[in-house]
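# Architecture and fold: a report
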Amino acid sequence: MRIAATFVALSALCFAAPASAQGYGMPAGPKLGELEIKAYQKIPKVKIAVQLTSDTHLARELRRQVMVRLAQRGNQVGFSGGNIMRMDVSYFDLSGGGLDRDIPLIQSQDYETGANPRLALPANPIGRRDTIPPVPSGSTLRVSLTLYESNSGKVLWTATGSCSVRSSAAMQAGLSIVNHIFDAADANRVADAGCPI
C-alpha cells in the first residue's frame, strides 16, 4: 500500500514539475539582441519616479539616461512621487569571468600549517577540455522597465531589451537599448535593440 501511495505521489510530481518550471510565472521576453514594448496605454504625462531593483554603477548610469529620455517626453522625473517605473539592469558574464588567458596564474606560496599543508595552484591554464562541453561565449546585458500607476499599482507599460556584449561595451549597449526603447515608446512592438557589434 505504501509503495503504491509513493508511486502515485512521485508520478504527480513528475507531471506537475514541467508546468511549474516553465518561466516561474515570468513571461519569456524577447530574443537576445531584440527589444519588446508592451504599451497597455501611452506613458502618461505625470511625474515618474524611476527606481532601481539593484543598485550598481551601470544601473545608475542607465537610470540617468531613462530619466533624460522621460524628461524629453515632457514628464517630470525624480526618485519618489508620482507613477513608479521599476528598472532592472542585469549583466551576466558567461565568458568565464573575463580572465586574460595570456597572463599565467600566480602560484601561491607553500604555507605549511601542520598536518594540512596548502596545495599549490595548478600550473596548467584552466580551459576547455574535450570531455567538458564549452562554456557559452560572451556576456548578456538585460534592461527591463515596468511602469506602474501610483494609486492602483496597475501595470501601464513594460519594455525589455537585451544584448550579448563584453563588459567593456556594457554601458554603450545599455544606452543603445534605452534610446531604442524611447524612440517609439508608445506603441507595442518587437524590434532590434541596437546592440553594438
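As the structure is a computational prediction, the values presented were derived from the model and not from experiment. (Residues numbered from 1 in each chain as written. Predicted model: local features only at pLDDT ≥ 70, side-chain atom pairs only at ≥ 80, totals over all residues. Heavy atoms only, no water.)

## Topic: the sheet that holds strand 1 (residues 34-39)
- Strand order in the open sheet formed by seven strands is 3-2-4-5-6-1-7, and the pairing between neighbours is mixed. Edge positions in the sheet fall to strand 3 (77-78) and strand 7 (189-192), since each of these pairs with one other strand and no more.
- Its contacts with the sheet put helix 2 (residues 57-72) on strand 2 (48-52), strand 3, strand 4 (83-93) and strand 5 (139-148), and the angle it makes with strand 4 is roughly 140°. (Pairing = 2+ DSSP bridges. Helix = DSSP H or I, 4+ residues; strand = E, 2+ residues; numbered from the N terminus. Contact = heavy atoms within 4.5 Å. Axes fitted to C-alpha atoms, helices over the stretch in contact; angles between N-to-C directions.)

## Some details on the confidence of the model for the protein
- With 63% of its residues at a pLDDT of 70 or more, the protein has an overall mean of 75.
- Segment residues 132-136 is flagged for pLDDT under 50; beyond a separation of four residues in sequence, or across chains, it makes four contacts in the model. (pLDDT = per-residue confidence, 0-100.)

## With respect to the environment of threonine 53
- With respect to the element layout, threonine 53 can be found in the loop between strand 2 and helix 2.
- The spacing of threonine 53 and methionine 87 is 34 residues in sequence and 6.1 Å in space, taken between C-alpha atoms.
- Once residues within four sequence positions are removed from consideration, threonine 53 is found in contact with Met87 and Asp88.
- A distance of 2.8 Å separates the side chain of threonine 53 from the side chain of aspartate 88, its partner in a polar contact. (Polar contact = N/O pair within 3.5 Å; in protein donor to acceptor, adjacent residues only side chain to side chain.)

## Observations concerning the nonpolar core
- Core analysis: the largest hydrophobic core is formed by 34 residues, its most contacted members being Val66, Met87, Trp157, Ile181 and Phe182.
- Sorting the residues of this core by element identifies strand 1, strand 2, helix 2, strand 4, strand 5, strand 6 (155-164) and helix 3 (170-183) as the ones contributing at least two each.
- Every residue in contact with methionine 87, bar those within four places of it in the chain, is listed here: Val50, Gln51, Leu52, Thr53, Leu62, Arg63, Val66, Val143, Ser144 and Leu145. (Core = buried A, V, L, I, M, F, W, Y, C linked by side-chain atoms within 4.5 Å. Buried < 20%, exposed > 50% of the residue type's maximum accessible area, 1.4 Å probe, protein only.)

## Observations concerning the state of the cysteines
- Inspection of the entire model under this criterion finds one disulfide.
- One disulfide bridge connects cysteine 163 with cysteine 195, the sulfur atoms lying 1.9 Å from each other. One disulfide, between cysteine 163 and cysteine 195, carries an S-S torsion of -90° and so falls in the left-handed class. Separated by 32 residues along the polypeptide, cysteine 163 in strand 6 and cysteine 195 in the segment after strand 7 bring together distant segments of the chain. (Disulfide = S-S within 2.5 Å.)

## Comments concerning the packing of helix 2 against helix 3
- Viewed as axis vectors pointing N to C, helix 2 and helix 3 meet at an angle of 25°, and their least axial separation amounts to 10 Å. Taken together, the axes of helix 2 and helix 3 are roughly parallel relative to one another. Helix 3 is crossed by helix 2, and the crossing has right-handed handedness. Taking contact as the criterion, the partners of His57, Leu58, Glu61, Leu62, Gln65, Val66, Arg69 and Leu70 in helix 2 are, on helix 3, Ala170, Met171, Gly174, Leu175, Val178, Asn179, Phe182 and Asp183.
- When the residues that make up the contact of helix 2 with helix 3 are grouped by side-chain class, the tally is nine nonpolar, four polar and three charged. (Parallel < 35°, antiparallel > 145°, perpendicular 65-115°, else oblique. Left-handed = near helix turned anticlockwise from the far one by under 90°. Nonpolar A, V, L, I, M, F, W, Y, C, P; charged D, E, K, R; others polar.)

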